[in-house]
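# Report on the structure
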Amino acid sequence: MNETHHLRRMTTIWVILSIAADLLGWFVLGPHMPPGRMTETAYHDQIDFNILLMVALPVVIGVWVYMGYAITVWSAKRAPDPVGGDAARGNTRTQVLWISITSVMTLAAAAFGTWALVVDHGSGGGEGPNPIWAPSGAAQAETAAFSPNSGWTPGQALPVQVIGQQWKFTYRYPTFGGFETSQLILPDNATIVFNVTSLDVIHSFWAYQLGVKADANPQVNDVAYTETKQLGSFMVRCSELCGIWHGAMYNSGQVVTPAAFQSWAQQTEAANAANTKLLPPFAWTYVPDANGANGGYYPDGKATPYSSVEVYGSKNPAS
Amino acid sequence: MTISAERPVATSGGATTTTERVSWTQRPGIWSQHLGTAIVGAIVGYLLGHWLGNAIASSYPYIQNSGQNVIAVTLGEIFGVAGWLLGIGALNYPLAKMAGRQPGKEVDVQGWSKYFRYSTNHKTVGLQYVVGVLLFLFTGGLLAMAIRTELLNPTTHYFSADTYIKIVSEHGTVMMMMATSIVVGPLGNYLVPLMIGSRRMAFPRIEAFSFWVFTAGYMVIFSALPLGGFPTGWTGYAPLQTQAGPGMIGYLFGFAVIGMGMMAAGFNMAVTIINYRAPGMTWSRVPILVWSLLATSALLTLATPTLFAAGVFGLLDKTAQTAFYVNEHGGSAYLWQNLFWFFGHPEVYIMALPGFGIVGEILPVFTRKPLFAYKVGAAGMIGVALLSFFVWQHHLYQSGINPDMRPLFMLTTELISIPTGFIYLVGMGTLYKAKIRFEIPMLFALALYFNFLIGGVTGVFLSDVPVNVTVHGGFFVLSHFHYTIMGGLLFAFMGGLYYWLPKMTGRMLNKKIGLWHFWTMFVFFNLTFFPMFIIGLLGQPRRVFTYAKNLQGLNDFSSVSAFLLGFSFLIFAFNMVYSLWINPQKAPANPWDSRGLEWQTANPVPSYNFERIPVVLSDPYRYSEPGAPAVADLGDAGLVHAAPQD
Ligand code: HEM
Ligand SMILES: [Cu+2]
Ligand SMILES: [Cu+2]
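Each chain carries its own residue numbering, running from 1 in the written order of its sequence. Key to labels: chains lettered from A, ligands numbered from 1, both in the order written. Given that this is a predicted model, residues contribute local features only at a pLDDT of at least 70 and side-chain atom pairs are listed and counted only at 80 or more, while totals for whole chains, interfaces and linings are drawn from all residues. Heavy atoms from the whole structure form the basis of all side-chain values; hydrogens and water molecules are not counted.

## With respect to the overall build of chain B
Here is the rule: Segments assigned H or I by DSSP are reported as helices when at least four residues long, segments assigned E as strands when at least two residues long, and all are numbered from the N terminus. Only C-alpha atoms enter the radius of gyration; for comparison, a globular chain is expected to reach 2.2 Å times N to the power 0.38, where N is the number of residues. Throughout, a residue-residue contact means that at least one pair of heavy atoms, one from each residue, lies within 4.5 Å. Note on areas: Shrake-Rupley with a 1.4 Å probe; residue coverage comes only from the protein chains shown. When charges are counted, Lys and Arg contribute as positive and Asp and Glu as negative, whereas His and the chain ends are disregarded. Taken as the charge location is NZ of Lys, CZ of Arg, CG of Asp or CD of Glu.
A tally of helices and strands in chain B yields 19 helices and four strands. Its C-alpha radius of gyration of 25 Å places chain B within 12% of the 26 Å reference for a compact globule of 646 residues. Each principal axis of the C-alpha atoms in chain B carries an extent, and together these give about 70 × 60 × 50 Å. Long-range pairs, those at least 24 residues apart, make up 79% of the contacts in chain B with a sequence separation of at least 6. Summed over all atoms, the accessible surface of chain B reaches about 20600 Å², with 70% contributed by carbon and sulfur. Taking the 35 positively charged and 26 negatively charged side chains of chain B as two groups, their mean positions are separated by 7 Å.

Following this line, the structure appears as structure tokens:
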């Protein structure tokens, strides 16, 4: 059989399978791909995933078709004469073609990923303390965080602080007096500014359906943005190993209507007022007191002197 | 220098014709230095260090809730390793030199007992490494079975949360340590001198040292369990690291010790490949496995020091109360993440390149074709090695570390898949119009191409920052790296064993059992790990003992497949025992009709490898080429001709 014949057969199989797989991937699987469409970020992440899938499927299928073809047609049982000598050592055209195609594909993927990252304001990933791809309203939300009675009105960005600690997440709403709760309730159709930090080890705040993931580092304010689009509940899991009960570090949150959010926030603020008074004032990060859980947490800059007791426990006598 | 591999005379039966003094440590028999004295040395060392630690630092902090003095544990570990090395005799030569005495002669002991001694013969070390890495692999595998058992059910627990996380951490660390050396150690040490036409490795003592340090690392990392385990996974992130109990010492010191072995092995390998090639073994004739090991050794020597330093910093934080990783005192937990991954990403290519090299050797032999695009393949390996130093922060996209660098790391990570893809160009090109023989090594090589494709393509998904938001820290990543490391490197290693053990042991591995082994491993590997992509996409984080109820079906499927995958390793173990001891079948001198130089040596390979240093005449891949020259002129043994034409 001549060269073009093999190639033509393989290409035909490849094209048919690839088109079928891509159609299936885009129209059947695509809309259900994680993380869903609950937020603008999630939606973009999903589209990104699907676009990569559209490219990946033909690549995978291409290699598999080729290998399958080779295994069946070019096996020793069927005993063709293998091509030997210089002809088989490397055909320059094939090599150049291969390198060009893979280069273009990967560079395109990098360019597309960068574009998506920038337009989607960091794609819901933790951007550290000084985000560079902030959505409009983000700066205002950061300022509002330090005026405890500014509340929230539809159209504004809402700052929410996520505090990870072994082994739970709690949430502070700085514009509602800075109350702290273990419930994460968000208004629909709003830009949310998550300020993620930790009191002890590294955790990772993963709000699955929101398409948000940001590591919770002690003494770091890791900022992530999203924009809610649908009502409903979502799952929060810790996605960075944080010790024994890491696996149990999950809860769920809810996106509710703006009105429902406002009444919930105001009620909780009032109900928690007594507790909130005992909390350290709102700050981007907190440093544990030397007495750990027995003491309180102090805002940054007021760290108490180091105590080895805190790290190592009481000194035992020599054995 | 008194390394026997250098002198073709006087090696038979351990007898020596020179008048040099043979020290008692080298004598055959029980009253000398061997595994037994090493064990005694390790135990005595540990006890001594532990005692010393308590003596000098009795008022020092005890680790919370453990009743252990960190200084005592650390010194115990250090002295234990020193005792192990002293006991086996690794330090005889340097100590004698330092004391200004003439070191005793080192004898190439014959017989099975050489495998339990400090041997400087690269072939003995290679076989020692085979046993060493398999020990790592099987103990790590048992831990994996425990993990999949726990994940059978989200609410019924077989282990406590505490035990579970320690099992996970131990499994990951042991496997990663094993994977650093799984090819470089056994196949690299054994084959590289044979492939490049050398009588030995450049630094035989360093080579032996790397093996005995590797085994010491095995003991140190397992000592973490009796010390209470460590909860950080193989990545060991601070501050969890700082918070953890004495088992963490086992992790930190374990990586430092393994790191010493890696640096030693890599350095030795690089120097050997560069300087010990036979005449005519030009760079364009160097076998592709040797190229891959050269690239790997570059990574071993350049990336591992970072790991070593990172580990030592951690140890200092724990013992001397420095604050490298302690935010509150001017250190930074980010520092660990950066150091760890600055090593960690080159490390993943340490675990990939040797596999590419192995399949590159296997394909031409079983397709009867030259290796396609050999030069591109070699260049790709070097390219990967270089680029792998510039991508480490793709592990830290969501960490909050310099977010403005993300586009750059996305770019470099995407770029690295170009040279990684060359391995497919080489492989697919070689398959073109071939004459494929489906022997066991070939099946494993083809399986690498199948598996690694999934591993590599999912890597591109991971490197896309927006997609990474969903998949980072979850089962998707877990599956990605099992596809690359297990589906790639481990399959290649198995193929390599079936391919080269006949040379190394003189016995053929049974083909029928081999087929069972291959097919069970291939099928159940995919059935175990493919569902994990879906599990990850559906929101299950890594290293958890419980998960959403609706994921139980997939998890159970994966667990049951994992048990069957574990069973396939028993088939492999059985095949080893059966073919090497129960029913040994003598291997023909060149069972696969390979042109490789390593197959042109006598069988079994004499301890000095070549009667005289061969003159290399051609590259080893000129199959199906009428009139191709012999691969080398072997001198006394006569001109060895090309493998028979088919
Ligand atoms: C095509 C080439 C590859 C690309 C583009 C790629 C990309 C990535 C990315 C972006 C991550 C970070 C995922 C995350 O944590 O969010 C990752 C993780 C990982 N990759 Fe790859 N990878 C490639 C090949 C490999 C190879 C060849 C190996 C090993 C043989 C490997 C082993 C790993 C490991 C071990 C991790 C996870 C480490 C951990 O978090 O414990 N990868 N890869
Ligand atoms: Cu966690
Ligand atoms: Cu990496």
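So that's the structure; there's more coming.
## Looking at the sheet that holds strand β10 (residues 250-256) of chain A
All names here are of chain A. Rules: By the convention used here, strands pair only if DSSP detects at least 2 bridges between them. For helices, the axis comes from a line fit to the C-alpha atoms of the stretch in contact; other axes are also lines fit to C-alpha atoms, and the angle between any two N-to-C directions lies between 0 and 180 degrees.
In space, the five strands of this open sheet follow the order β4-β10-β9-β6-β7, with mixed pairing throughout. The outermost strands of the open sheet, each flanked by one partner alone, are β4 (184-187) and β7 (212-216). Sheet twist, expressed as the mean angle between neighbouring strand axes with direction ignored, is 20°. Against the sheet, helix α6 (residues 258-271) touches β4 and β10, its axis set at about 135° to β4.

## Here we look at the interface of chain A and chain B
Operational definition: Here a salt bridge means any side-chain nitrogen of Lys or Arg lying within 4 Å of a carboxyl oxygen belonging to Asp or Glu. For this analysis, a polar contact is any N or O atom pair within 3.5 Å, provided that within protein one partner can donate a hydrogen and the other can accept it, and provided that sequence-adjacent residues contribute only side-chain to side-chain pairs.
Counting from both sides, the interface comprises 99 residues of chain A and, opposite them, 101 residues of chain B. Linking chain A to chain B there are one salt bridge. For B:Asp619, the salt bridge goes to A:Arg89, with nearest N and O atoms at 3.2 Å. Where chain A packs against chain B, one counts 18 residue pairs in polar contact (both at pLDDT 80 or more). Going through the elements one at a time, α1 (3-29), α2 (40-73), α3 (86-89), α4 (92-119), β7, β9 (232-238), β11 (286-288) and α8 (308-312) of chain A are the ones with two or more residues in the side of chain A that touches chain B. When residues of the side of chain A that touches chain B are assigned to their parent elements, the largest contribution, 14 residues, is made by α4(A).

## Describing the pairing of β4(A)
Residues and elements named next belong to chain A. Rule in force here: The buried label goes to any residue with under 20% of its type's maximum accessible area, the exposed label to any with over 50%, and the partly exposed label to all in between, with areas taken from a 1.4 Å probe on protein chains only.
The two faces of β4 match: Leu184 and Leu186 on one face and Ile185 and Pro187 on the other face are all buried. Relative to β10, β4 is paired through four bridges, and the arrangement is parallel. Directly across from Leu184, in β10, lies its bridge partner Gly253.

## What to know about the coordination of the copper ion (ligand 2)
Residues and elements named next belong to chain A. The cut-off we apply is this: For Na, K and Ca the donor cutoff is 3.2 Å, while for all other metals N, O and S atoms count as donors only within 2.8 Å; water does not appear among the atoms, so some sites may look incomplete. Here a site with four donors is tetrahedral if all angles are between 85 and 135 degrees, and a site with four or six donors is square planar or octahedral if opposite donors are over 155 degrees apart and the other angles are between 65 and 115; anything else gets the irregular label.
Each protein donor to the copper ion (ligand 2) is listed here as Cys238 (SG), Glu240 (O), Cys242 (SG) and His246 (ND1); together their distances run 2.1 to 2.5 Å. Around the copper ion (ligand 2) sit four donor atoms, and with donor-metal-donor angles ranging over 87 to 128° the site reads as tetrahedral. Mapping the donors of the copper ion (ligand 2) onto the primary sequence gives the spacing C-x1-E-x1-C-x3-H. Summarising the burial analysis for this pair, Cys242 and His246 share the class buried.

## What to know about unusual backbone geometry
All names here are of chain A. Here the residue pair Pro34 and Pro35 is connected by a cis peptide bond, since its omega of 0° sits within 30 degrees of zero. Its location among the elements puts Pro35 in the loop between α1 and α2. Gln166 connects to Trp167 through a cis peptide bond whose omega is -5°. For His121, which is not glycine, the phi torsion reads 55° and is therefore positive. Topologically, His121 is positioned in the loop between α4 and α5 (138-144).

## Here we look at the pattern of salt bridges
Pairing is possible between side chains that carry opposite charge, provided their charged atoms lie close to one another. Residue and element names in this part refer to chain B. The final tally for this structure, using the stated rule, is seven salt bridges over all chains. Across the salt bridge formed by Lys511 and Glu439, the nearest N and O atoms sit 3.5 Å from each other. With a gap of 72 residues between them, Lys511 in helix α18 (residues 511-537) and Glu439 in the loop between α14 (406-431) and α15 (440-463) connect regions that are remote in the sequence. Looking at Lys511, the relative accessible area reads 38%, which means it is partly exposed.

## Some words on the site of ligand 1
All names here are of chain B. Which entries qualify depends on this criterion: In these notes, residues near a molecule or strand are those with any non-hydrogen atom within 4 Å of it. Three residue categories are used. Nonpolar comprises Ala, Val, Leu, Ile, Met, Phe, Trp, Tyr, Cys and Pro, charged comprises Asp, Glu, Lys and Arg, and polar comprises the others, including Gly.
Looking at ligand 1, there are 26 residues lining it, with Trp234, Asn468, His472, His480 and Arg542 nearest. Taking His472, its side chain carries an N or O atom lying 2.7 Å from an oxygen atom of ligand 1. Interatomic distance of 2.8 Å between a side-chain N/O atom of Arg542 and an oxygen atom of ligand 1. Counting only elements with at least two residues in the shell around ligand 1, the list comes to α11 (333-350), α14, α15 and α17 (475-505). Considering each element in turn, the shell around ligand 1 owes the most residues, six residues, to α15. Across the shell around ligand 1, the residue classes tally to 13 nonpolar, 12 polar and one charged.

## Things to note about the packing of helix α4 (residues 122-150) of chain B against helix α19 (residues 552-582) of chain B
Residue and element names in this part refer to chain B. Test applied: By definition in this entry, angles of less than 35 degrees are roughly parallel, angles greater than 145 are roughly antiparallel, angles of 65 to 115 are roughly perpendicular, and the rest are oblique. We call a crossing left-handed when the near helix sits turned anticlockwise from the far one by less than a right angle, and right-handed when that turn is clockwise.
The interhelical angle for the contact between α4 and α19, taken along N-to-C directions, is 155°, at an axis separation of 9 Å. The orientation of α4 relative to α19 falls into the category roughly antiparallel. With respect to the hand of their crossing, α4 and α19 are arranged in left-handed fashion. Seen from α4, the contacting residues are Leu134, Leu137, Phe138, Met145, Arg148 and Thr149; seen from α19, they are Asn555, Ser558, Ser559, Ala562, Phe563, Gly566, Phe569, Phe572, Ala573 and Met576. Taken together, the residues of the contact of α4 with α19 break down into 10 nonpolar, five polar and one charged.

## Here's the deal with the coordination of the iron atom of ligand 1
Here the protein supplies the iron atom of ligand 1 with just one donor, B:His480 (NE2), and that contact is 2.2 Å long. When you line up the elements, B:His480 lands in helix α17.

## What to know about the domain arrangement of chain A
All names here are of chain A. Put simply, the rule reads: Note: domain ranges come from an automatic or database domain assignment. Two parts lose some accessible area (1.4 Å probe) when they are put together, and adding that loss for both gives the buried area.
The assigned domain composition of chain A is domain 1 (3-78 + 93-119) and domain 2 (138-286). For domain 1 and domain 2, the distance between their C-alpha centres works out to 39 Å. Listed as interface residues are nine residues of domain 1 and, on the opposing side, 15 residues of domain 2. Of the roughly 890 Å² buried between domain 1 and domain 2 on both sides combined, carbon and sulfur atoms contribute 56%. On the domain 1 side of the contact with domain 2, Met38, Thr39 and Glu40 bury the most area, a combined 60% of that side's loss. At the surface where domain 1 touches domain 2, the tally comes to one salt bridge. Ionic pairing is found between Glu40 and Lys229, a salt bridge with its closest N-O pair at 3.8 Å. Where domain 1 touches domain 2, the interface holds seven residue pairs in polar contact (both at pLDDT 80 or more).

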